[in-house]
Amino acid sequence: MADVKDPVCGMVIAESDAVATVEHGGSTYYFCSQDCAEEFRENPDDYT
Ligand SMILES: [Zn+2]
């Protein structure tokens, strides 16, 4: 299983451990927590 990086906090997690995913600009982003996913949803362009 691939490791992915949470773009909000920078944590590297296993894709299967991601708590939340968000689609943005044709890509899927993975998050360690709902808080990080919420932050990304509010300001996606700050993290891409
Ligand atoms: Zn995070």
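You'll find the protein chain entered in an unreviewed UniProt entry as YHS domain-containing protein, with Actinomarinicola tropica given as the organism.

**Student:** Would you explain the pairing of strand S3 (residues 20-24) in this entry?
**Tutor:** For a regular strand, the rule is simple: side chains alternate between the two faces of the sheet. Bridge count for S3 against strand S4 (residues 27-31) is five bridges, and the pairing is antiparallel. If you follow Glu23 over to S4, its bridge partner there is Thr28. Between S3 and S4, which pair antiparallel one after the other, the connecting turn spans two residues, and Gly25 there sits at a positive phi close to 55°.

**Student:** So what exactly am I meant to see when it comes to the environment of Ala37 here?
**Tutor:** Residue position: Ala37 is located in helix H1 (residues 34-42). Looking at Ala37, the relative accessible area reads 0%, which means it is buried. Counting along the chain gives 31 residues from Ala37 to Asp6, while the straight-line C-alpha distance between them is 8.8 Å. Not counting the four nearest positions on each side in its chain, Ala37 is found in contact with Ala20, Val22 and Phe31.

**Student:** Teacher, can you tell me more about the coordination of the zinc ion here?
**Tutor:** In an ideal octahedron of six donors the angles at the metal are 90 or 180 degrees, and in an ideal tetrahedron of four donors they are 109.5 degrees. Here the zinc ion is held by the protein donor atoms Asp6 (OD), Cys9 (SG), Cys32 (SG) and Cys36 (SG), which lie 2.0 to 2.3 Å from it. Metal-centred angles of 99 to 120° between the four donor atoms at the zinc ion mark the site as tetrahedral. Mapped onto the sequence, the residues coordinating the zinc ion show the spacing D-x2-C-x22-C-x3-C. Taking relative accessible area as the criterion, Asp6 reaches 0% and is therefore assigned buried. Exposure remark for Cys9: the relative accessible area of 42% places this residue in the partly exposed category.

What counts and how
Sequence order as written defines the numbering, with residues in each chain counted from 1. The predicted nature of this model means local features are confined to residues of pLDDT at least 70 and side-chain atom pairs, given and counted, to a pLDDT of 80 or more, with totals for whole chains, interfaces and linings taken over all residues. Side-chain metrics rest on all non-hydrogen atoms present in the structure, leaving aside hydrogens and water. By definition, two strands form a pair when at least two bridges between them are found by DSSP. Comment: elements are numbered from the N terminus, with helices defined as DSSP H or I runs of at least four residues and strands as E runs of at least two. Buried residues are those whose accessible area, probed at 1.4 Å on protein chains only, stays under 20% of the maximum for their type, while exposed residues exceed 50% and partly exposed ones sit between those limits. When checking whether two residues touch, look at their non-hydrogen atoms; a contact exists if any pair is within 4.5 Å. Coordination partners: N, O, S within 2.8 Å of the metal, 3.2 Å for Na, K and Ca; water not considered, so apparent gaps in a site are possible. In short, tetrahedral needs four donors with all angles between 85 and 135 degrees, square planar needs four and octahedral six donors with opposite donors over 155 degrees apart and all other angles between 65 and 115, and whatever is left is irregular.

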